[in-house]
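Here is how the chains run, residue by residue.
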Amino acid sequence: MAIANKPSIALVLGGGAPNATLMAGALVALTEAGVEFDIISASGAGAIVGLLYAAPRKGTPLDNLRRLSDLGVSDPIYQLLPVNYKVFNKPGPAAELWRSWQSQNPLLQSIQQQADQGPWQRLLADWTSLLLATLCPSDLTPSSQGLCAHVPFIEQVVDFERLRQIAPQFYLNAFNISHGEMRCWDKSEISHEHFLAALSFPFIYPPYRLDDGDYIEGAAIDTLNFKQLFRDHHHIDYTLVFDVLGSDRLLHPPRNLYDAWVQSIITPLTEIARDDLKLFEALHNKDEHGRPRTEVLKIQFDALIDPERQQQELDWSYSNLSQLYQIGYQAGQDFIRLHRAKLLG
């Protein structure tokens, strides 16, 4: 039965992988408050958050979003080796066989399943993962097109068949470098392969080949995927955007080579996202009479982040991802208090 005065709401999830738990925390707070979306538009790392919310393979959407911090590396290990070997995997057929063996090994799976029982169990699980990642074979050479294998774990956590059956529309973008054009797929088209194409960030991952050409991550060019919102939908009351962290916060003297590399990737994305948002509000969010098509509501994170922690905001440590989740959750709750009447009718 239709709910009287229920507003139409679009959710825009942008790129920036280390900040994914910020988005996850905010989305959990919105969902707990009863906010529902008619459209979800994702790009880059926002696709992981959006798909875990829309079509998780196991468990509830909220459980999956709350566990996103598990992608982080146990702090004692991260302090010695500040690299997320759990997310960025070695490439090649032999590496795929190695990971397949791990996923079928009962002892290794038992260790991983106990990781959420406490810090010592998490340390054991992550140390085991580090040893296995170190021993993993690789076919990486100077002629390789990217450093890492395409995200290998997504089919374990996302049900792409279920995605086609959800009520809201779901959009995902990627850039076709063979034809020099952006593509945006809807929920009826998106498969595991489309996801891999949409997360093929240059240098980290090689371009991903689909039937119509080679693709790279859409967020590398269009960080906030606004373009599809009004092509299929004539009216959207509110468009929710998780405001990105600006480069003025993220830039700092690098602590090490890895920190410098991450800054070089993420800070340009945040500036592209800010420019995209300004362009959308100034130009594209206008009807034929010059009136706004939708009211843009931004969830702010900056005010809740301690300035003394700025150098850690892009870290893949478990403690940082967990803290970002809590900040996102608080930002979501604050947002609901401000806009409850609009979002819940």
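Up top is the structure.
Keep in mind that this is a model prediction, so the values were computed, not measured.

Visitor: Would you mind going over the overall build of the protein chain with me for this structure?
Guide: Within the protein chain, the regular secondary structure consists of 13 helices and eight strands. Since a compact globule built from 345 residues should have a radius of gyration of about 20 Å, the 20 Å found for the protein chain is in line with a globular shape. Considered along the principal axes of its C-alpha atoms, the protein chain spans approximately 60 × 45 × 45 Å. When the 345 residues of the protein chain are sorted by exposure, 53% land in the buried category. Taking the contacts inside the protein chain whose residues are at least 6 apart along the sequence as the reference set, 74% of them involve residues at least 24 apart. Surface accessibility of the protein chain: about 16,300 Å² in total, with carbon and sulfur atoms responsible for 55%.

Visitor: Is there a simple way to explain the packing of aromatic side chains in this structure?
Guide: Aromatic ring pairs are described here by two measures, namely the spacing of the ring centres and the angle between the planes. Scanning all chains against the criterion turns up 12 aromatic pairs. Judged by centre distance (5.3 Å) and plane angle (55°), the ring pair of W185 and Y215 falls under tilted. Taken together, the positions of W185 in strand β4 (residues 181-186) and Y215 in strand β6 (residues 213-217) put the pair 30 residues apart, joining distant regions of the chain. The exposure classification of W185 matches that of Y215, with both residues buried. When the centroid spacing of 6.2 Å and the interplanar angle of 70° are considered together, the rings of F242 and F301 count as edge-to-face. Within this pair, whereas F242 is found in strand β7 (residues 238-242), its partner F301 is found in the loop between β8 (295-299) and α13 (318-344), the two being separated by 59 residues in sequence. Members of the aromatic cluster, joined through ring pairs, are F88, Y205 and W316. The side chain of R293 reaches across the aromatic face of F230, ending 4.9 Å from its centre.

Visitor: Can you help me understand unusual backbone geometry in this one?
Guide: Note: most residues except glycine have negative phi, and most peptide bonds are trans. Look at F203: it is not a glycine, yet its phi comes out positive at around 80°. Note that F203 resides in the loop between α10 (192-198) and β5 (208-210).

The rules behind each value
Residues numbered from 1 in each chain as written. Predicted model: local features only at pLDDT ≥ 70, side-chain atom pairs only at ≥ 80, totals over all residues. Heavy atoms only, no water. Helix = DSSP H or I, 4+ residues; strand = E, 2+ residues; numbered from the N terminus. Rg over C-alpha atoms; globule rule 2.2 N^0.38 Å. Buried < 20%, exposed > 50% of the residue type's maximum accessible area, 1.4 Å probe, protein only. Contact = heavy atoms within 4.5 Å. Areas by Shrake-Rupley, 256 points an atom, 1.4 Å probe, with all protein chains shown as cover. Phe/Tyr/Trp six-rings, centres within 6.5 Å; stacked < 30°, edge-to-face > 60°. Lys NZ or Arg CZ within 6 Å of the ring centre and 35° of its normal.

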